[in-house]
Amino acid sequence: MTMFLVRTAARTAVRTNSCRSFCVSHTQLSDRKGLVLGVFEKEEEEEEGTLHLTEAAAGFDKSLSGKLSELLKLSGPALKNGKSRVFYGLHKDFPCVALVGLGKNNAGVCRTENWDTSKENIRQAVSAGCRLLQDLEVSHVEVDSCGDAQSAAEGAVLGLFHYDQLKSKKKTKVTTQLHGSADVVGWEKGIVYAEGQNLARLLMEAPANHITPTAFAKTIEEKLAPHADRVTIHKRPQAWIEEQQMGAFLSVSKGSEEPPVFLELHYNGSPDSKQPPLLLVGKGITFDSGGISLKPSASMDAMRADMGGAATVCASIVTAASLKLPVNIVGLAPLCENMPSGKATKPGDVVKAKNGKTIQVDNTDAEGRLILADALCYGHVFNPRAIVNVATLTGAMDVALGSAAAGVFTNSDWLWEQLHRASVVTGDRVWRMPLFQHYTKQVTDSQLADLNNIGKYSRSGGACTAAAFLREFVKAPHWAHLDIAGVMSNKDEVPYLRKGMSGRPTRTLVEFAAGLAHNG
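Residues numbered from 1 in each chain as written. Predicted model: local features only at pLDDT ≥ 70, side-chain atom pairs only at ≥ 80, totals over all residues. Heavy atoms only, no water.

In the nomenclature of an unreviewed UniProt entry, the chain corresponds to Cytosol aminopeptidase from the organism Maylandia zebra. Among the UniProt annotations of the chain, the heading Subcellular location (unreviewed entry) holds the following wording: "Cytoplasm". In its Subunit (unreviewed entry) section, UniProt records this for the chain: "Homohexamer." (UniProt positions renumbered as here; feature names shortened; annotations may be inferred.)

## A look at the overall build of the chain
Each helix and strand in the chain was counted, giving 17 helices and 22 strands. Dimensions of the chain, computed from the C-alpha atoms along their principal axes, are close to 90 × 45 × 45 Å. For the chain, with 520 residues in total, the buried portion stands at 59%. Restricting to contacts in the chain with at least 6 residues of sequence separation, those with at least 24 account for 76%. With the model as given, the accessible surface of the chain reaches about 21,600 Å², and the carbon-plus-sulfur share is 51%. Across the chain, the mean location of the 57 positive side-chain charges is 2 Å away from that of the 55 negative side-chain charges. (Helix = DSSP H or I, 4+ residues; strand = E, 2+ residues; numbered from the N terminus. Buried < 20%, exposed > 50% of the residue type's maximum accessible area, 1.4 Å probe, protein only. Contact = heavy atoms within 4.5 Å. Areas by Shrake-Rupley, 256 points an atom, 1.4 Å probe, with all protein chains shown as cover. Lys, Arg positive; Asp, Glu negative; His and termini not counted. Charge placed at Lys NZ, Arg CZ, Asp CG, Glu CD.)

## What about the pairing of strand 12 (residues 284–288)?
For strand 12, a buried count of five out of five residues is recorded, marking the element as mostly surrounded by other parts of the structure. Relative to strand 13 (residues 328–338), strand 12 runs parallel, the two sharing four bridges. In the strand pairing of strand 13, I285 is matched with C336. (Pairing = 2+ DSSP bridges.)

## Points about the pattern of salt bridges
According to the stated counting rule, one finds 24 salt bridges in the structure shown. The residue D148 makes a salt bridge to K119 at a minimum N-O spacing of 2.7 Å. Of this pair, D148 sits in the loop between strand 7 (140–144) and helix 6 (149–160) while K119 is found in helix 5 (residues 117–135), placing the two residues 29 residues apart along the sequence. Of the charged contacts in the structure, one is a salt bridge between E120 and R123, with a shortest N-O distance of 2.6 Å. Separated by three residues within a single helix, E120 and R123 lie in helix 5, roughly one turn from each other. Like E120, the residue R123 is buried in the burial classification. (Salt bridge = Lys/Arg side-chain N within 4 Å of Asp/Glu carboxyl O.)

## Re the packing of helix 12 (residues 368–379) against helix 16 (residues 462–471)
Helix 16 packs onto helix 12 with a crossing angle of 30 degrees between their chain directions and a minimal axis gap of 9 Å. The pairing of helix 12 with helix 16 is recorded here as roughly parallel in orientation. Relative to helix 16, the crossing made by helix 12 is right-handed. Every residue of helix 16 that contacts helix 12 at R369, L370, L372, A373 and L376 is listed here: A466, F469 and L470. Tallied by class, residues from the contact of helix 12 with helix 16 come to seven nonpolar, no polar and one charged. (Axes fitted to C-alpha atoms, helices over the stretch in contact; angles between N-to-C directions. Parallel < 35°, antiparallel > 145°, perpendicular 65-115°, else oblique. Left-handed = near helix turned anticlockwise from the far one by under 90°. Nonpolar A, V, L, I, M, F, W, Y, C, P; charged D, E, K, R; others polar.)

## Digging into the environment of V261
Among the secondary structure elements, V261 is positioned in strand 10 (residues 261–268). The contact partners of V261, leaving out residues within four places of it in the chain, are P213, T214, A217, K235, R236, I241, F249, A333, P334 and L335.

## Details of helix 3 (residues 55–63)
Restricting attention to buried positions, one finds in helix 3 the residues A56, A57, F60 and D61. Looking down the long axis of helix 3, one finds its buried residues gathered within 135 degrees of arc, a one-sided arrangement. Residues of helix 3 that are exposed and point more than 90 degrees away from the buried face comprise E55 and K62. Backbone geometry just after helix 3 places S65 at a positive phi near 60 degrees. (Arc of directions from axis to C-beta.)

## A look at the pairing of strand 13
Within strand 13, eleven of the eleven residues are buried, which leaves it mostly tucked inside the rest of the structure. Alternating residues of strand 13 divide into N328, V330, L332, P334, C336 and N338 and I329, G331, A333, L335 and E337, and every residue in both groups is buried. Pairing of strand 10 with strand 13, which is carried by eight bridges, proceeds in the antiparallel orientation. Bridged to E264 within strand 13 is L332.

## Some details on the domain arrangement of the chain
As assigned here, the chain comprises domain 1 (33–182) and domain 2 (196–519). Placing the centre of domain 1 and that of domain 2 at their C-alpha centroids yields a distance of 36 Å. Taken together, the contacts link 23 residues of domain 1 with 21 residues of domain 2. Its largest share of buried area at the contact with domain 2, domain 1 owes to N114, L158 and F161, together 34% of the area lost on that side. For the pair domain 1 and domain 2, the interface holds two salt bridges. Two residues, R429 and E113, come together in a salt bridge whose shortest N-O distance is 2.9 Å. (Domains from an automatic or database assignment. Buried area = accessible area lost by both parts, 1.4 Å probe.)

## Side note on unusual backbone geometry
For the bond running from R504 to P505, omega is 0 degrees, close enough to zero to count as cis. For P505, the location among the structural elements is in the loop between strand 22 (500–501) and helix 17 (506–519). A positive phi is found at N106, a non-glycine position, where the angle reads about 55 degrees. Its place among the elements puts N106 in the loop between strand 4 (94–101) and strand 5 (109–110).

## Points about the UniProt feature "domain: Cytosol aminopeptidase" (unreviewed entry) in the chain
Under the local residue numbering, the UniProt record ascribes the feature "domain: Cytosol aminopeptidase" (unreviewed entry) to residues 363–370. Annotated as residues 363–370, this span is 38% helix and 0% strand, and its ends, taken at the C-alpha atoms, are 11 Å apart.

## Looking at the nonpolar core
Ranked by internal contacts, the top residues of the largest apolar core, which has 64 residues, are F216, L263, Y267, V388 and L482. With nine residues, the top contributor of residues to this core is helix 11 (residues 308–323). When sequence neighbours within four positions are dropped, the list of residues in contact with L263 reads F216, A217, I220, I233, H234, K235, C314, G331, L332, A333 and L335. Core analysis: the next-biggest nonpolar cluster, separate from the first, contains 49 residues, W240, L279, L376 and F473 among them. (Core = buried A, V, L, I, M, F, W, Y, C linked by side-chain atoms within 4.5 Å.)

This is how it looks when you write it as structure tokens:
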């Protein structure tokens, strides 16, 4: 009889697909708090039913005289990594308590996966728990650090993001706070990292008629306003672009009625004002129709996010400023639309870049490399310690790596190591790609000009020939090109990001900049 009563209690305390057992009103749920707690998988040699609660979960269970662990054992099979289960009415302050599976304890860095599995498991689990409570319209959630407060904060904030600014019906807005841990610094750092990526997601997801070059620059200016003591912003107009003889950039922008903007950001975080800056350059095509080489209409709407490079670069600088990183950064974002019109560049036209090199434009849909070419030339004036440009540059990159990692083409082993180390920490991975002379020959063999904007053999090795093209405008010994076309959007590949534009690899860029700041 006792076992029957216990099982009945378990069934009535756990959310099932068919019913919710406790009668808690909508007002109570929305006005009171939810709680996300973690549980690790048992080790292989341990008996079935063995529980490994996190420190916070164990403390909460103790306050309930073991009721939580008892119900968890009776409610079904052990929670696997990323899975969650909700209990109701266990505690007067928390009408809903979500238990989330964290996988193996102390999984650590996996050299095969090239990320820290423990951190990724925490991000995935916490995001699942927070979303579950958001779906129950709980408006405030306390989150277990699960042993890594920064990763828990990232999982919560990234997982809850949903672009519904233009919808009448919106998801419940959820505020989060750390539960049962002293690592407030790690939690707050994770919040800032995740909010940086969410800023990039916001810019990338917004319709192109809302985020024009002018609107993009204004948005970043507003985000940097609280850091005016450390940040200088220049919104360069078309007249300035013409003065700089950025013919490649202008050849792309001239087909659109929207005026181009060359956004220049200076973050001065180092105590040494003369410290050479890190130069970040982002492709800022706020809508890419392909120009005269028009894209197919299917999925063309996604080209509102073709400014993903500029979005992640600018969001990284906003984040660096929020963190007060002790490093100098210069950010450059050539912003324009690529549109067909009577004024647009035509296939076969020859244009001149800022460094004097002529370019035969055989495909107007290979426009990103043109605007980056002039930005890279201009960036050398700052004598940067390293140059990293970021762009949704080629469909070939998506074919090569899919959404698993951003491709990195670099002339510097040191720079590759810094970027790779940062990506292992963030879980937003990068993968090194070849930068052979084999590809350079394909873009320098041009019938009418010094360079051709597409490779001699068209689509073959397209991501590599695009990188080789950019290299023609770089003199610095430490330069890297990140092709982020494959990671631009998320379907369900990254569990803690909802479907939509991803904002990747913002956190990796921030972690990379932080590494330079602290390690030189």
